[in-house]
Amino acid sequence: MQVVYPSQTPDSASLAGMSKSVLRKMDQRGPRYTSYPTADRFSGDFAVADYLHAVSDRRSMSAWRALSLYLHIPFCDTICYYCACNKIVTRNRAKAALYLSYLKREISMQGSLFSGMNQVEQLHFGGGTPTYLSDEQMGDLMAHIRSCFTLAPDSVGEYSIEIDPRTVSAARVQSLRAQGFNRISLGVQDFDPDVQRAVNRVQSEQQTLEIIRAARDAGFRSVSIDLIYGLPKQNVMSMVRTLSKVIAASPDRIAVYNYAHMPQLFKTQRQIREDDLPGADSKLDMLSLCIRQLTAAGYVYIGMDHFAKPTDDLAVAQRQGRLHRNFQGYSTHSETDLVACGVSAISAVGGSYSQNEKTLDGYYARLENATLPIARGIQLGMDDVLRRLIIQRLMCNFELSINSLEIAYPIVFREYFAAEMEKLQALEAEGLIKIEPEWITVEPKGRLLIRNICMVFDRYLAQDREKADAPQRYSQTV
């Protein structure tokens, strides 16, 4: 008997029902909402003492939540022109050894702070390229983490690592599994040779498929592939070929990101010829193609850029209303505080966000002074927490219970959000959402524009619109 799973995917019919004129009108600059308030709202007024207070508040709670632990490894062998991550491109491996010595100091300090309440159920290594570290260095780092934190059993914990298939062998993949990782994410972006050369990331299909097979053989529970649409030299036909190859490889999760070309913010993107970038209509055609092909292949639309097999933990969590979104994207662990270590890493503990120093010199200097390397952050007020909850539920569940918010918070929703309701009614007129007395529901075609819908509730964006000189902080939403 075949099991039929409900789909959240904006299908071909819903795409056809939304004209390109609507998409163009909605194609504004806006956040991806891996947090609310977003990181650009953090302030240098937030200090280490504020973070310590948040940890202290957590300790005073009668029931502690599990932790999510993020480690940032910023190093890469080569530069990918599209990349907007905080990275350091070098072949001098001594720099990584020095960095690890300081990173382990920070891990020790965080471990001491959370002593007695340090159960980790989610671990993620991001970068940069985490597999820039040698096998020996990775093993030593994982052993240090285990000496400072208690990792949940493999069957419970979600322990993931981002890898560059060009930097690992099948034997290294086996070693990563033995070191405790059970989920693996592969950067691919596009299999087309012309596109790869245009972004300085030449990676053969064979390299990628060999690593996927190795991950399966090693017993990784989930394999994820990252793609990007809107890159130079891309077109619909090249995307058809890439998607066909990716679907044939049958990863558990597929992320299809919209390339954000912001050379004024990211110097490496200045290496990309703007004449080679696809136009707005071509990008929309590629997005439509991705949704059609992945839907036809049986993948479930999780939200934003993410698709997963219906049996994958992300799809299961979405059906059960447990899906969460944090700085690493969608997550199945909604009740965890996030402790982040490494240069530029962002923690979310209690009602606060805090970000580490963005430069190695600044990061090292703080740790040399025996203090956490926190450079800025924000303490959330009630309005921030309420709006964060609304954005989370819209991003993850595509619906919002008005009644539940009024029970949990001292507000009358339609009065508190009177200005927002006017904007929501305009979105309803476009067929993107449905407003009912007790619910706000995102329609199938509105799921493509979920960032725009969430932007309605962003108080900081509203303040920006009142300023003539507000900076262009964000990428386009489509």
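Being a predicted model, the structure only gives us computed values, none of them experimental.

## Some details on the pattern of salt bridges
Across all of its chains, the model carries 27 salt bridges by this definition. Where Arg 166 meets Asp 164, a salt bridge forms, and the shortest distance between an N and an O atom there is 2.8 Å. Since its relative accessible area comes to 25%, Arg 166 is described here as partly exposed. What makes Asp 164 buried here is its relative accessible area of 6%. For the salt bridge of Asp 384 with Arg 459, the shortest nitrogen-to-oxygen distance reads 3.2 Å.

## Some details on unusual backbone geometry
With an omega of -5 degrees, the peptide bond running from Tyr 36 to Pro 37 counts as cis. Residue position: Pro 37 is located in the loop between α2 (20-26) and α3 (48-60). Omega for the bond connecting Gly 127 with Gly 128 falls within 30 degrees of zero, at 15 degrees, which places this linkage in the cis form. Topologically, Gly 128 is positioned in the loop between β4 (119-127) and α5 (135-148). For Lys 233, which is not glycine, the phi dihedral falls at a positive 75 degrees. Among the structural elements, Lys 233 can be located in the loop between β8 (222-229) and α9 (236-249). One non-glycine residue, Ser 344, lies in the positive phi region at around 70 degrees. Relative to the elements of secondary structure, Ser 344 occurs in the loop between β14 (337-341) and β15 (346-349). When its relative accessible area of 12% is taken as the criterion, Ser 344 is described as buried.

## Topic: the pairing of strand β20 (residues 439-442)
Regular strands place side chains that alternate from one sheet face to the opposite one. Burial of the side chains of β20 is restricted to one face: Ile 440 and Val 442 are buried, whereas none of Trp 439 and Thr 441 on the reverse face is. The pairing of strand β18 (residues 399-401) with β20 spans 3 bridges and is classified as antiparallel. From the neighbouring strand, Glu 399 faces β20, where its bridge partner is Thr 441. Alignment of strand β19 (residues 433-435) against β20, held across 3 bridges, turns out to be antiparallel. Across the sheet, the residue bridging to Ile 433 is Val 442, located in β20.

## Digging into the packing of helix α6 (residues 170-178) against helix α8 (residues 205-218)
Close contact between α6 and α8 brings their axes to 9 Å; oriented N to C, the two are set at 35 degrees. α8 is crossed by α6, and the crossing has right-handed handedness. Taken together, the residues of α8 that come into contact with α6 (itself represented by Ala 170, Val 173, Gln 174 and Arg 177) are Ile 211, Ala 214, Ala 215, Asp 217 and Ala 218. Of the residues in the contact of α6 with α8, the class split is 6 nonpolar, 1 polar and 2 charged.

## Quick look at the nonpolar core
In summary, soluble globular proteins display a tendency toward joint burial of nonpolar side chains. The biggest cluster of nonpolar side chains holds 133 residues, and the ones touching the most others in it are Leu 103, Phe 125, Leu 141 and Phe 413. Leave out the neighbours within four places in its chain, and Leu 141 touches Leu 71, Ile 73, Leu 100, Leu 103, Lys 104, Ile 107, Phe 125 and Leu 133.

## Section: the environment of Ala 308
When you line up the elements, Ala 308 lands in strand β11 (residues 306-308). Take Ala 308: its relative accessible area is 0%, and that puts it in the buried class. Placed 117 residues apart in sequence, Ala 308 and Gln 425 show a C-alpha to C-alpha distance of 31 Å. With sequence-adjacent residues up to four places away left out, Ala 308 is seen in contact with Asp 252, Arg 253, Tyr 299, Val 300, Ile 302 and Leu 314.

## Concerning the state of the cysteines
Put plainly, a disulfide is one covalent bond tying together the sulfur atoms of two cysteines. Inspection of every chain in the model, using the stated rule, returns 0 disulfides. Residue Cys 454 stays outside any disulfide, its sulfur separated by 9.1 Å from that of Cys 396, the closest cysteine.

## Considerations on the packing of aromatic side chains
Counted by the stated rule, this structure contains 14 aromatic pairs. Both rings, one in Phe 75 and one in Tyr 99, keep their centres 5.5 Å apart while their planes meet at 85 degrees; by these two values the pair is edge-to-face. Here Tyr 99 lies in helix α4 (residues 93-113) and Phe 75 lies in strand β2 (residues 75-76), a separation of 24 residues in the sequence. We note that Phe 75, like Tyr 99, is buried. Judged by centre distance (6.1 Å) and plane angle (15 degrees), the rings of Tyr 301 and Phe 398 are stacked. Taken together, the residues Tyr 301 in strand β10 (residues 300-303) and Phe 398 in the loop between α13 (382-397) and β18 connect sequence positions 97 residues apart.

## Let's talk about the pairing of β15
With burial as the criterion, each face of β15 is covered, one bearing Ile 346 and Ala 348 and the other bearing Ser 347 and Val 349. Inspection of the sheet shows β15 paired to strand β16 (residues 352-356) by 4 bridges, in the antiparallel sense. What sits directly across from Ala 348, in β16, is Tyr 353. Two successive antiparallel strands, β15 and β16, enclose a turn made up of 2 residues, where Gly 350 displays a positive phi of approximately 60 degrees.

## What about the confidence of the model for the protein?
Regions with low pLDDT carry predicted coordinates that are not meant to be interpreted in detail. The pLDDT averaged across the protein works out to 90; a share of 92% of its residues lies at or above 70. The low-confidence segment residues 1-8 (pLDDT under 50) makes 9 contacts with residues lying over four places distant or belonging to another chain.

## Overview of the sheet that holds β18
One open sheet accounts for 3 strands, arranged β18-β20-β19; its pairing is antiparallel. One side of each edge strand has no neighbouring strand; the edge strands of this open sheet are β18 and β19. Each strand axis lies, on average, 10 degrees off the axis of its neighbour in the sheet, ignoring direction. α13 rests against β18 and β20 of the sheet, and its axis sits at about 135 degrees to β18. Lying over the sheet, helix α16 (residues 418-429) contacts β19 and β20, oriented at roughly 125 degrees with respect to β19.

Calculation notes
- Residues numbered from 1 in each chain as written.
- Predicted model: local features only at pLDDT ≥ 70, side-chain atom pairs only at ≥ 80, totals over all residues.
- Heavy atoms only, no water.
- Salt bridge = Lys/Arg side-chain N within 4 Å of Asp/Glu carboxyl O.
- Buried < 20%, exposed > 50% of the residue type's maximum accessible area, 1.4 Å probe, protein only.
- Helix = DSSP H or I, 4+ residues; strand = E, 2+ residues; numbered from the N terminus.
- Pairing = 2+ DSSP bridges.
- Axes fitted to C-alpha atoms, helices over the stretch in contact; angles between N-to-C directions.
- Left-handed = near helix turned anticlockwise from the far one by under 90°.
- Contact = heavy atoms within 4.5 Å.
- Nonpolar A, V, L, I, M, F, W, Y, C, P; charged D, E, K, R; others polar.
- Core = buried A, V, L, I, M, F, W, Y, C linked by side-chain atoms within 4.5 Å.
- Disulfide = S-S within 2.5 Å.
- Phe/Tyr/Trp six-rings, centres within 6.5 Å; stacked < 30°, edge-to-face > 60°.
- pLDDT = per-residue confidence, 0-100.

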